[in-house]
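# Reading the structure
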Amino acid sequence: MLRVENLTKVYPNGTQALKNVSFEVKDGEFLAVIGLSGSGKSTLLRCINRLIEPTSGKIYWNDQDVTAASAGEMRKIRRQIGMVFQQFNLVKRSSVLSNVLTGRLGYVNTFSSSLHLFSSEDWKRAAASLEQVGLADKAQVRADSLSGGQQQRVGIARALMQDPKLILADEPVASLDPVLAHSILKYLEQLNKERGITVLCSLHFLDLVHRYATSAIALKGGELVFQGLPKQIDDAQFKAIYGQEAERVSII
Amino acid sequence: MNESGNTPAPSTNSILITFSSLILPGLGQFLLKKRQRGLVIFLAALISVYLIDWSLVHQNIGKVTLGGWVTSWLWLPLILFWIWNVMDARALLEARTFNIFPGLACIAVILYVIAWNVTDVKLNRLVERFNDARTVSTNLLNPDVITISINGNDKICAWECMFTYVNDKLAGHPVQGPIRWSDNFLAIIGTIKDIPAPSWEVKLGLAQPGSNVKTFSSGTMLQTIAMGLMATIFSTIIAIPVSFLAAHNIMSRVRGGTIIYYLARGILNIVRAVDTIVWGLIVIVWVGLGSFAGVIALTIHSVAALGKLFSEEIEHIDPGPVEAVTATGANLIQTIRYAIIPQITPSFLAYSLLRWDINMRSATVIGFVAGGGIGFFVVETVRMGGYQQYATALWAVVIVIVLVDYISAKWRESILKDQPQKVQTAKRPFFNNLRLAFYVILGALVFIYCWNLSGISLKDLFNPGSNFGQLVKDFVTIDLSSDVLKPVIQQMIVTIFQAFLATTLGAIAALPFSFLAAKNLTGRSRLSAWIYYATRAMLNLLRSIEALLYVVIFIFWVGIGPFAGMLALAVTSFALIGKLFSEAIENIDAGPIEAVNATGANRLQTIVYAVLPQIVPPFVSYLIYQWDINIRMATIIGFAGGGGIGLTLTTFFGSLEYHKAGTVVACIVIVVALMDFASARLRQALI
């Protein structure tokens, strides 16, 4: 279970990205985080695995205080939390397989991994992860030779290597063609339903939220303005989250 | 037998592949459809065999005597390479990849041992002659700028003396003697002299016939600036029409244009492969020694370099507007005028400015062979052992080049910035025209001044020297007999290894500094920001001095020969590689670092998996690029005593043996063009 209490983030330049945000995610949920660009969605997700240091507030992951964790503890926490990025964040010049194997770095010792030595179990796990996202035949090619949708699937395979209990997905489909959005989100849904992995996913399109999420929160200017079920977001809620000018659009 | 009958394909294949790689390295890989890998292994083995044999026969490198049998111990790493190659082929057969590092290491041992010996590296000299080095560095830090006259004796007044002088002056004590700018300094900057009145002043009635007038007479540094400027202007003007002939998308529209295209490209490539300084040697036969020869040499090389850049720019323009203008019924000339020229003007200007920067650097050393400019001044002063005088010239060069570098970079930046230009619909205001007129007149005056200063003489241009016909004839019928070709090839190998070793040394030295000069790694605290600026400044200062000017310093330290030349190249490589590496580090994509971090990886793992894969390929690519540049530079460092093919070339030119000089030039063209091609292909494969 993930619990966020009074989370606040102020950047050195004075921007207040998160204001006193509190919410809870139960195990096995698919939580959508919605809000306009710049509303603090990315900051929120990155505070959870402390890629960004929160200014104040607490984050509890299975009752362990993430904000107080030491470097060694943080390594153990991070390896349980997979992350998928908007820009995929693959090492473009490395092979697909090599990128997937990086997902195992939190588990293996520093010395042997520095020499690119992995156990045969890890190699099998990498092959299985690629199999899961349907890219088994692309293992040896360079990451930048894949299409955007394929690169994001490699990103998911990398997260799977961590054997994660939670996946943070930061706008995973925003850089992709709308038609590919469903294919990526279906993989996340499958992991959520079949393996019981909790998913926190920021999304732009409301119809994707309705289709995939089991619950939702909304941020506006760094504040939590909605918490509930996706279907509870009616027109009035919608205007409150996105502003009076906004119009609903749908993809596909 | 029966067993192999059951599984026939793999084992026969295995034997076949092992055997073919054993008799010919790379053949097994080639047969397994890894054509490139096979070819590279084959070439590496072939070149190694040649080099080991050559270095044993000609230089006694690696010589060992085994029971009366003389051989080279360098065959040992080659045998190891051979074994590695067989194992690699067998691994490929099982679709595994074999570690390439053992193979690379074997070849590296062979190459570095030979490089170390042929470039005559004598580390003991660096230590033994350390006092000489200290003398040089003391002289370099105390340039001859101010002269003090003590009791009628003129002395150089360097820092210490100036300090005493200023102290005395401030304290009101009597000073040691009057000071003035030294003759040396005035020779570099310029001085006001009494000279007989020029005829035009007499005609205008400004001066009496036969009388003297005070005139500013420019120094060698100003002359150098003028040479660089004139060469840039001339080469830009000539390169524009040439570039259209070498642009494929233009020439393919004209009948017979493709032939002209290949011809133009070929000529540009050959001309470019010959360094400016080598052109200087050829040009002086035509117009004689002097700054004009320097301007022509700079112009010839620049036309080739700019012609290539310009034509590539033309080939990469947006075809949309061309299509649209053609569709209106415009002819070729109109299409060029309205669809192509507006697209290429900014980048042409930017390339010319870049070339101005390069020409200024070359202009500082062209005087080594062609006469004129600060290079000629340096040769003269060093010949007389005037290292303090040389130091003044060096500092003048540093200041001018750093300035030119800065102006050229800023100017290029403002040209290439995509600013929507204001379209003037109303009549221009009067003062605008006035300002324009002012700039035009100023430009014209500068042009005329530089024209005179750089000694341009159309008369000399159209009256080739008496030997020039002989030179052209001899260059066509070059001497390819083995007693010429053998020493030339030998010196060429030395030259290539000089470049190779210099690149390695420069890179090793540059690696730590490149991290200090990367803005994304430093600049967080005030101290590290200072380190960043200090490292950048040092790299820029070192980079502003041409290799030939460094050679002059190093021959004083380690003596004339390839070692001095190699060290000079290592310093210039250090400066350029440091800059390129730090830029590669600055261009790292932060995304993968974040992603690897998020998996729980620690710092070292993040570096190995997210940082190194991003910087190693550009680093290797820059190393190959630097080696390519260094081979060009190594062909000329011999002119100042740096050894290698340059020495051979000047000797042949000096003794008027043009048919042999032609062989050398041809050899340089072939090697440089091959390296250029190979390095471009390799770098393409890496990035």
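Predicted, not measured: the structure shown is a model, and the values here were computed from it. (Residues numbered from 1 in each chain as written. Chains lettered and ligands numbered in written order. Predicted model: local features only at pLDDT ≥ 70, side-chain atom pairs only at ≥ 80, totals over all residues.)

## Quick notes on the sheet that holds strand S9 (residues 215–220) of chain A
Residue and element names in this part refer to chain A. Selection criterion: In this description, strands pair whenever DSSP reports at least two bridges between them. Numbering of helices and strands starts at the N terminus; helices are DSSP runs of H or I of at least 4 residues and strands are runs of E of at least 2. Angular values range over 0 to 180 degrees, each being the angle between N-to-C directions of two axes fitted as lines to C-alpha atoms, with helices fitted over their stretch in contact. Each residue gets a C-beta atom placed from its backbone, and two residues are in contact if those atoms lie within 7 Å.
The sheet built from 6 strands is open, its strands ordered S6-S7-S8-S3-S9-S10 with mixed pairing. At either margin of the open sheet sits one strand with a lone partner, and together these are strand S6 (81–84) and strand S10 (223–228). Neighbour-to-neighbour, the strand axes of this sheet turn through a mean angle of 15 degrees, independent of strand direction. Here S9 runs beside S10; their pairing, made up of 5 bridges, is antiparallel. From the neighbouring strand, Ala-218 faces S10, where its bridge partner is Phe-226. Here helix H6 (residues 148–161) sits on the sheet in contact with S6 and strand S7 (166–169), set at roughly 170 degrees to S6.

## Section: helix H7 (residues 178–194) of chain A
Residues and elements named next belong to chain A. For clarity, the threshold we go by: Every helix has an expected span of 1.5 Å times one less than the residues it contains. Comment: burial labels come from other C-beta atoms within 10 Å of the residue's own C-beta, placed from the backbone, where a count of 20 or more is buried, 12 or fewer is exposed, and between is partly exposed. By arc we mean the arc of the directions from the helix axis to the C-beta atoms, nothing more.
Across its 17 residues, H7 extends 25 Å between first and last C-alpha, which sits within 8% of the 24 Å expected from 1.5 Å per residue. Buried within H7 are the following residues: Ala-181, Ile-184, Leu-185, Tyr-187, Leu-188, Leu-191 and Asn-192. All buried residues of H7 fall inside an arc of 145 degrees around its axis, so they share one side. Among the exposed residues of H7, those pointing more than 90 degrees away from its buried face are Val-179, Lys-186 and Glu-194. Residues of H7 that are buried in the fold lie against strand S3 (30–34), H6, S7, strand S8 (198–202) and helix H8 (206–212). Just downstream of H7, Gly-196 is the residue with a positive phi angle, here 70 degrees.

## So, the domain arrangement of chain B
Note the cut-off: Reported domain spans reflect what an automatic or database domain assignment gives.
Structurally, chain B comprises domain 1 (2–118), domain 2 (143–213), domain 3 (220–420 + 430–460) and domain 4 (468–686). Domain 1 of chain B and domain 3 of chain B are separated by 47 Å when their C-alpha centres are compared.

## Topic: the sheet that holds strand S4 (residues 153–156) of chain B
Residues and elements named next belong to chain B. Taken in spatial order, the 3 strands make up an open sheet running S4-S3-S5, and their pairing is antiparallel. Looking at the sheet topology across the chains shown, the edges are occupied by S4 and strand S5 (179–181). Pairwise comparison of adjacent strand axes, ignoring direction, gives a mean angle of 35 degrees for this sheet. Bridging between strand S3 (residues 146–150) and S4 involves 4 bridges; their strand directions are antiparallel. Its bridge partner being in S4, Ser-149 is matched across the sheet by Asp-154.

## Re the pairing of strand S2 (residues 69–72) of chain B
Along any regular strand the residues' side chains alternate between the sheet's two faces. All names here are of chain B. Where strand S1 (residues 63–66) lies against S2, 4 bridges are found, and the strand directions are antiparallel. What sits directly across from Thr-65, in S2, is Val-70. Where S1 folds back on S2, the antiparallel hairpin that results is connected by 2 residues, among which Gly-67 adopts a positive phi of roughly 55 degrees.

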